[in-house]
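# Residue-level structural notes
In case you want the letters, here they are:
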Amino acid sequence: MNNVFGLDIGTRNVVGTVGYQTDDKEFVVTAQYVREHETRAMLDGQIHDIGRVAKTIKEVKDELEKQTGQPLEEVCIAAAGRVLKTVTTHVEYEYAQESVVTGEDVHTLDLLGIEKAQEALKEVNDTSYKFYCVGYSTVKFFLNDEVFISLEGHKANKIGEDIIVTFLPEDVVDGLYAAVGQAGLSVANMTLEPIAAINVAIPENYRMLNIALVDVGAGTSDISITRDGSIIAYGMIPHAGDELTEVIVQHFLVDFNMAESIKLQSTTSDTVTYKDIMSIEHTIPAQDVWDVAAPVVDNIAQEVSTKIRELNGDKTVSACFVVGGGGKIHGFTEKLAEDLDLPEERVALRGEEVLGDVTFEQEDIKKDPLLVTPIGICLNYYDQRNNFIMVRFNGERIKLYDNNRLTIVDAALQAGFPNDELFPKRGTPINFTVNGVARLVRGEAGDGAVVTMNGKPASINTPLEPNSEIVIEPSTAGEAAVYKISQLDEYNHSVITFVINGRKVSCPRFVQVNGELEPEDYSIRENDVIETRNYYTVRQIAQFMDLIIDTDQMIFVNNEEAGLDTLVYENFSVEWKTDEYSVARIDNNTYNDTQESDTDEASVLAERDANSTESDNTVTRTSEQMMNQVLDELHDDFAKEAEASAVPENELQKNDIQEDIQEEDSSENTITVIVNGEPVELSGKDTYIFVDIFTHISFDLQAGKGRAIATVINGRDARFSEELHEGDKIELYWKEN
């Protein structure tokens, strides 16, 4: 026996009910307690003083715990308020193939309808209120486009429903949650007060008739309309019993609580006894109270009848049932019948007769219209229990269908939180080409999203807890990519070879960017076109070798007479005479790609001129230093400044480099996995996790419509952060049941 705890948090009273439903649908009330607010902490169904309402709730909770002998931790509640919005919409869901409709399919259909109604309300909302769904009712079900009473268990290709969804401002809901929370309770289920009332007052076998139900409370009068077997409309008006109390306060010069007593006595006795604020006791006929209240009763009845006609297509109903304490005031049902153009017998209070399936274990409890809504709140739990959980995500309250596997990432998706703000983002990359080959240098990785649940650190895979407070600070982007010419393999390891006076000389290739020669510390930019030159001039070769050419002698390139500015291409031969003799040493590991064992192939000795009287002058220089000198002296030739930089870095920065063809940096790891039967290649990172596949496939994360994502690796359930390996078989799809 699992007891359900329901609270009807009204403008005047808080009614607590504890009970359970038997297998034959009888509801047994094991404990009940009513407590009035000590002050007017609520107005028109909305909490104004959270602390005082929480105190009253706590008193009701404590008393019911004494009566039942068990702790109460979760509670079902109902919301009310003057700014009620309703949206009626139609939704459909089509199966891939004929399938048996399950209960979860129907719940998913409900969620689709709620989401569609929320979107419709956003489009027409001309107020400053942010609305929250507090309840819904199915008007009609459709099975393959035909109207059905129930869908579950039938085979179908397509299912659909007409659904009416109710909304209240979020601050109304927040106030309820805050008061319940301060009383040491958490919300197990929430509905709308008229939904709770109609489920008790108008059984399904009555709903073929066009009937109105009016729940007259202290602050609001809640209205429901049935027709053709369904609930077709909900409404509220901010006129109810407190207006009667206020006029009694003014006329009889009493405080609000004494006025409540006068109003109650006038419905149960022929005389009324009270003390005014001067402490003078009076005894008057109940008729005197009725006369004072009559104008207000007439006004409330008029407002209710007008709202009923509005909700019913501008026409009256066949009958009207009245529940709630405010409806018991003398003359109300008679006046409402008059305004609805109905015989008096067709407008009646409903109480004991609609509570026939309710058993009270407490013998002193009388079945009364006041108890209809509290019982309905408990019964609503059995209709919608475990279907939804509510959480607050980044300050916004959202409702999720509970499949017992919900995690924080599901709440993020439901709230429309951008997927790319959940995971670390790299800084801006650089795309460029080197000798016609596309290159990509990735930016640095940023920080992942910071996730907390109820103020404690969490991850996107942390299981959701009902009524939890989820906060996600978006992930950040890393530093933008920075890459210099000196880091290019082509600059450090690519050489061009000439034959000088019969000996091979290997020189580093010059690099030009967008047609202009650039130094080694040039920072590569987006869409730069980089080419390594395939030639030197005669002058540049001499400068690289640190030789002085005898310009009085002939210079030959490929056996043809040439000058200092003649272009010398790969493997061209050059013959010249020099004025000075020196050694230009070439570093085998860096510049000489011939890899021959002969040391003459790795270095060049300029031969002594027979007419020279100078002694050997040996100069040893690194090729980097020589390149800097060449760049300095090319200023006039290329009409630009090229500053000489320090010795370039020997190690590449830790940026990932990826070529679009076959070349790839050795630090990268490329793997192939099978996603939904199709091979997908992942590249650009050392390791990969499940969520990385979303950047390589087309998968709409906003298309869930309340369904859970199936994430399977090699036949087992997987987490978003699970590491992927070569050949993994991945299944990714929206669950249909």
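Residues numbered from 1 in each chain as written. Predicted model: local features only at pLDDT ≥ 70, side-chain atom pairs only at ≥ 80, totals over all residues. Heavy atoms only, no water.

## Observations concerning the layout of surface pockets
Under the convention used in this document: Cavities and pockets were defined on a 1 Å grid built from protein atoms only: a cavity is a group of points that admits a 1.4 Å probe but offers it no way out, a pocket is an open group of points flanked by protein on both sides within 12 Å along at least five of seven lines, and a lining residue is one with an atom within 4 Å of any such point. Grid points are joined across faces, edges and corners, and a volume is the space filled by probe spheres set on the points. Strands here mean DSSP runs of E at least two residues long; helices mean DSSP runs of H or I at least four residues long; both are numbered from the N terminus. Gly falls in the polar group here, along with every residue not listed as nonpolar (Ala, Val, Leu, Ile, Met, Phe, Trp, Tyr, Cys, Pro) or charged (Asp, Glu, Lys, Arg).
In this structure, the largest pocket occupies an estimated 1,700 Å³ of space. Taken together, 45 residues form the lining of the largest pocket, with Phe141, Asn199, Glu204, Arg207 and Asp383 sitting closest to its centre. Of all the secondary structure elements, the ones that give two or more residues to the lining of the largest pocket are α2 (103–124), β8 (131–143), β9 (146–148), α4 (193–201), β14 (230–237) and α9 (372–384). Examining the composition of the lining of the largest pocket, we find that 6 residues originate from one element, β8, more than from any other. Counted by class, the lining of the largest pocket contains 18 nonpolar, 14 polar and 13 charged residues.

## What about the sheet that holds strand β11 (residues 186–192)?
Rules: At least two bridges found by DSSP between two strands is the condition for calling them paired. Every angle, taken between N-to-C directions, lies between 0 and 180 degrees, and every axis is a line fitted to C-alpha atoms, over only the stretch in contact when it is a helix. The criterion used for residue contact is that any of the two residues' heavy atoms lie within 4.5 Å.
The strand order across the open sheet formed by 6 strands is β11-β6-β1-β2-β3-β19, and the pairing between neighbours is mixed. Looking at the sheet topology across the chains shown, the edges are occupied by β11 and β19 (358–360). With direction set aside, neighbouring strand axes in the sheet form an average angle of 30 degrees. Pairing of strand β1 (residues 4–9) with strand β2 (residues 13–21), which is carried by 6 bridges, proceeds in the antiparallel orientation. Note on β2: the bridge partner recorded for Leu7 is Gly16. Relative to the sheet, α4 contacts β1, β6 (74–79) and β11, its axis offset from that of β11 by approximately 75 degrees.

## Re the pattern of salt bridges
To be explicit about the condition: Whenever a carboxyl oxygen of Asp or Glu lies within 4 Å of a side-chain nitrogen of Lys or Arg, that contact is scored as a salt bridge. Only protein chains enter the accessibility calculation, which uses a 1.4 Å probe; a residue whose area is less than 20% of its type maximum is buried, one above 50% is exposed, and one in between is partly exposed.
Under the counting rule described, the total for this entry stands at 22 salt bridges. Across the pair Glu59 and Lys55 runs a salt bridge, and its minimum N-O distance is 2.9 Å. Within this pair, Glu59 and its partner Lys55 are both found in helix α1 (residues 50–68), separated by 4 residues, close to a single helical turn. The class of Glu59 is partly exposed, set by a relative accessible area of 22%. Across the pair Glu65 and Lys61 runs a salt bridge whose closest N-O atoms are separated by 3.2 Å. Linking Glu65 with Lys61, this pair stays in helix α1, spanning 4 residues, or about one helical turn.

## Examining the confidence of the model for the protein
Where we set the bar: Confidence of the predictor at the level of single residues is given by pLDDT, which spans 0 to 100.
Mean pLDDT over the protein: 80, with 84% of residues reaching 70 or higher. Counted against residues more than four places away or in other chains, residues 581–667, with its pLDDT under 50, gives 152 contacts.

## Looking at unusual backbone geometry
The general pattern is negative phi for most residues beyond glycine and trans for most peptide bonds. Within the chain, Asp228 stands out as a residue other than glycine whose phi angle is a positive 55 degrees. For Asp228, a relative accessible area of 49% translates into the label partly exposed. With a phi close to 65 degrees, Asn527 is a non-glycine residue in the positive phi region. Among the secondary structure elements, Asn527 is positioned in the loop between β30 (516–517) and β31 (529–532).

## Some points on the packing of aromatic side chains
Defined as follows: For Phe, Tyr and Trp, where Trp contributes only its six-membered ring, two rings pair if their centres lie within 6.5 Å, and the inter-plane angle classes them as stacked under 30 degrees, edge-to-face over 60, or tilted in between.
Applying the stated criterion across every chain, the model contains 8 aromatic pairs. Taking the centre distance of 5.8 Å and the plane angle of 75 degrees together, the rings of Phe393 and Phe417 count as edge-to-face. A residue pair is termed long-range when its members are at least 10 positions apart, and Phe393 in strand β20 (residues 388–393) and Phe417 in the loop between α10 (408–414) and β22 (430–434) qualify at 24 residues. Of the two residues, Phe393 and Phe417, neither departs from the other in class, the shared state being buried. Between Tyr569 and Phe572, the aromatic rings sit 5.6 Å apart at their centres with planes inclined by 65 degrees, giving edge-to-face as the arrangement.

## Quick word on the sheet that holds strand β28 (residues 503–508)
Strand order in the open sheet formed by 5 strands is β28-β27-β36-β33-β34, with mixed pairing between adjacent strands. Among the strands making up the open sheet, the edge pair consists of β28 and β34 (560–562). When the angles between neighbouring strand axes are averaged without regard to direction, this sheet yields 35 degrees. In this structure, strand β27 (residues 495–500) lies alongside strand β36 (residues 573–575), joined through 2 bridges in parallel fashion. If you follow Val499 over to β36, its bridge partner there is Ser573. Running over the sheet, helix α12 (residues 538–545) touches β27, β28 and β33 (555–557) and is turned about 90 degrees from β28.

## Focus: the nonpolar core
Selection rule: Working definition of a nonpolar core: buried Ala, Val, Leu, Ile, Met, Phe, Trp, Tyr and Cys residues. They are joined through side-chain atoms within 4.5 Å.
Ranked by size, the top nonpolar core spans 69 residues in total, and within it Leu7, Ile9, Ile57, Ile77, Met190 and Ile375 carry the most contacts. Excluding anything up to four places from it in sequence, Leu7 contacts Val14, Val15, Gly16, Ile57, Val60, Val75, Cys76, Ile77, Ala78, Leu185 and Ile377. Membership of the second largest hydrophobic core comes to 39 residues, among which are Leu400, Leu406, Ile472 and Val673.

## Some details on the environment of Glu59
Definition in use: Counted as a polar contact is a pair of N or O atoms within 3.5 Å, where, for protein atoms, one must be capable of donating a hydrogen and the other of accepting one, and residues adjacent in sequence contribute only when both atoms are in side chains.
In this structure the C-alpha to C-alpha distance between Glu59 and Tyr33, which are 26 residues apart in sequence, comes to 9.6 Å. For Glu59, the residues in contact, after removing those within four places along its chain, are Tyr33, Arg35 and Glu38. A polar atom in the side chain of Glu59 sits 2.8 Å from the side chain of Arg35.

## What about the packing of helix α7 (residues 286–311) against helix α8 (residues 332–339)?
Quick reminder of the rule: Oblique is the label for every angle not falling under 35 degrees (roughly parallel), over 145 degrees (roughly antiparallel), or within 65 to 115 degrees (roughly perpendicular). Left-handed describes a crossing in which the near helix is turned anticlockwise from the far one by less than a right angle; the clockwise case is right-handed.
At their nearest, the axes of α7 and α8 sit 9 Å apart, and the two run at 45 degrees to each other. Classified by the interaxial angle, the pair formed by α7 and α8 is oblique. In this structure, α7 crosses over α8, and the sense of that crossing is right-handed. Contacts between α7 and α8 involve Val297, Asp298, Ile300, Ala301, Gln302, Val304, Ser305 and Arg309 on the former and, on the latter, Phe332, Lys335, Leu336 and Asp339. When its residues are assigned to classes, the contact of α7 with α8 shows 6 nonpolar, 2 polar and 4 charged.

## Re the environment of Val297
With respect to the secondary-structure elements, Val297 resides in helix α7. Sequence spacing of Val297 and Lys335 is 38 residues, and the spatial spacing of their C-alpha atoms is 7.8 Å. Non-local contacts of Val297, meaning those with residues more than four positions away in its chain, are made with Leu244, Ile329, His330, Gly331 and Phe332.

## Here we look at the pairing of β31
Across the two faces of β31 the burial differs, with Ile530 and Thr532 buried and Val529 and Glu531 not buried at all. Summarising the sheet, β22 and β31 pair through 2 bridges and their orientation is parallel. The residue of β31 that forms the bridge with Val434 is Ile530. Where strand β29 (residues 511–513) lies against β31, 3 bridges are found, and the strand directions are antiparallel. In the strand pairing of β31, Gln512 is matched with Glu531.

## What to know about the packing of helix α5 (residues 241–252) against α7
Where α5 meets α7, the closest approach of the two axes is 9 Å, and the angle between their N-to-C directions is 140 degrees. In terms of their interaxial angle, α5 and α7 are classed as oblique. In this structure, α5 crosses over α7, and the sense of that crossing is right-handed. Residues Glu243, Leu244, Val247, Ile248, His251 and Phe252 of α5 form the contact with α7, whose participating residues are Asp288, Val289, Val292, Ala293, Val296, Val297, Asn299 and Ile300.

## A word on the pairing of β2
Counting buried residues along β2, 8 of its 9 residues qualify, which places the element largely inside the surrounding structure. With antiparallel pairing between neighbouring strands as the criterion, β1 and β2 make up a hairpin whose turn holds 3 residues. Across 9 bridges, the pairing between β2 and strand β3 (residues 27–36) is antiparallel. Looking at β3, one finds that Asn13 is bridged to Glu36. What sits between β2 and β3 in their antiparallel hairpin is a turn of 5 residues, with Lys25 showing a positive phi close to 75 degrees.

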